[in-house]
Amino acid sequence: GIDVLTFGESMVAFRSDGPLVQGGLQTTRVAGAESNVAIGLARLGHSVAWAGRVGADPFGRLVLRELRAEGVDTTYAVVDVERPTGLMFVEQRTADLTLVEYRRTGSAGSALDPADVGAAVARTRPRLLHLTGITPALSASALECVTSVAESASAAGVLVSLDVNHRNRLWTREQAKEALTPIARRAAYVIASDDELDLVADGTEEEAVASLLAHGVVQVAVKRGPRGASVHTVAGRVDVDAVPVTAVDPIGAGDAFTAGFLSGVLDGLDPGECLRRGAEAGAFAVSAKGDWEGAPTRADLALLHGHRPGATV
Ligand code: ATP
């Protein structure tokens with residue numbers, strides 16, 4: 001089997017450097033939390049497959065081409081001839097204000113079919129199945145897909161990870177909580193921002209974590225942006241500071257963190273070391289432009305550790 005399987009919706013993101021109403025130049029990049037994590041893991045040397053639907057259009061071909069170029073297996077992706085690839089427009093309205101406009105309703109990516117994902121799990125036999133809280137928000141079939149695969153995979157001994165990844169443009173906090181709580185309880189690894197933990201368990205951070213651990217979650221990672229991150233296990237809590245870098249683009253830090261953290265898990269590292277790899281990957285992501293372009297390789301991580309020739313990381 002492979003190391004990691006993940007699935008979800010990847011879109012094409014058009015980014016303009018000024019107000020959309022004035023037209024102007026746009027860059028064309030691939031966006032999607034699960035594919036960002038897949039690329040992050042592939043760069044760190046893990047075998048990873050991405051499943052999902054794209055349209056039979058140039059945007060879908062761009063998504064698959066970019067993933068393949070990054071070493072992600074797209075064998076189980078489906079080209080949906082009836083629906084278009086989702087699009088997003090990211091507008092730099094002012095230096096501090098970024099607006100996002102989606103064209104993803106009725107997209108190929110939102111028409112995820114439990115049979116697509118079931119086949120991908122059966123054929124790839126992954127050690128780890130990575131889920132996000134975005135996919136279940138896309139459609140009723142996508143919610144059914146994530147819920148059923150979390151259940152069947154965890155019952156079959158596949159490690160499940162969930163990044164809560166709340167998207168308030170897709171559903172309310174109440175809807176998210178109802179859908180995500182049972183999925184989180186099936187997971188071995190739950191990753192959340194500090195303001196997302198209450199979407200998978202009640203109470204303060206310590207109470208929410210205690211409840212998740214009592215349901216069998218092995219590690220709960222909490223992201224705190226430039227303030228670093230924490231990991232909770234039955235043995236207690238470990239904190240890590242953010243790596244001081246010049247942040248040029250905060251988008252993608254969370255996905256890079258998740259890839260780094262899960263890479264540590266796959267390598268059998270201690271929770272504190274998984275956390276550190278996550279924070280280091282997050283720092284690389286924020287100090288480069290793009291959602292996933294800055295995600296580090298192992299050689300990149302070695303640069304943070306003194307750049308000794310032949311050093312092992
Ligand atoms: P996004 O949704 O924008 O991708 P997120 O909210 O999911 O991000 P963050 O908490 O912002 O995730 O970032 C994840 C990790 O990346 C942090 O825990 C931290 O270790 C690292 N990180 C984030 N911002 C910075 C920064 N400005 N400088 C250094 N490291 C950072």
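Everything below is about the structure printed above this text.
What you see is a predicted model, and the numbers here were worked out from it, not measured in a lab. (Residues numbered from 1 in each chain as written. Predicted model: local features only at pLDDT ≥ 70, side-chain atom pairs only at ≥ 80, totals over all residues. Heavy atoms only, no water.)

1. Brief notes about empty space enclosed by the protein
Here is step 1: With the rule as written, the count across this model stands at 1 cavity of 30 Å³ or more.
Here is step 2: Asn-36, Gly-40, Gly-252, Asp-255, Ala-256, Asp-291, Trp-292 and Ala-295 together form the lining of the largest cavity.
Here is step 3: Counted by class, the lining of the largest cavity contains 3 nonpolar, 3 polar and 2 charged residues. (1 Å grid on protein atoms, 1.4 Å probe; cavity = no way out; pocket = protein on both sides within 12 Å on 5 of 7 lines; lining within 4 Å. Points joined across faces, edges and corners; volume = space filled by probe spheres on them. Nonpolar A, V, L, I, M, F, W, Y, C, P; charged D, E, K, R; others polar.)

2. A word on the sheet that holds strand S12 (residues 219-223)
Here is step 1: The sheet built from 8 strands is open, its strands ordered S4-S1-S9-S10-S11-S12-S13-S14 with mixed pairing. Two strands close off the open sheet at either side, each with one partner strand: strand S4 (48-51) and strand S14 (236-240). Each strand of the sheet is rotated relative to its neighbour by a mean of 15°, with strand direction disregarded.
Here is step 2: Note that strand S11 (residues 189-193) and S12 share 5 bridges and pair parallel. Within S12, the residue paired with Val-190 across the bridge is Val-220.
Here is step 3: In the packing of helix H4 (residues 140-155) onto the sheet, contacts are made with strand S1 (4-7), strand S9 (128-132) and strand S10 (159-163), and the angle to S9 comes to roughly 155°.
Here is step 4: Across the sheet, helix H6 (residues 205-214) lies against S11, S12, strand S13 (229-233) and S14, angled at about 45° from S13, the strand it touches most. (Pairing = 2+ DSSP bridges. Helix = DSSP H or I, 4+ residues; strand = E, 2+ residues; numbered from the N terminus. Axes fitted to C-alpha atoms, helices over the stretch in contact; angles between N-to-C directions. Contact = heavy atoms within 4.5 Å.)

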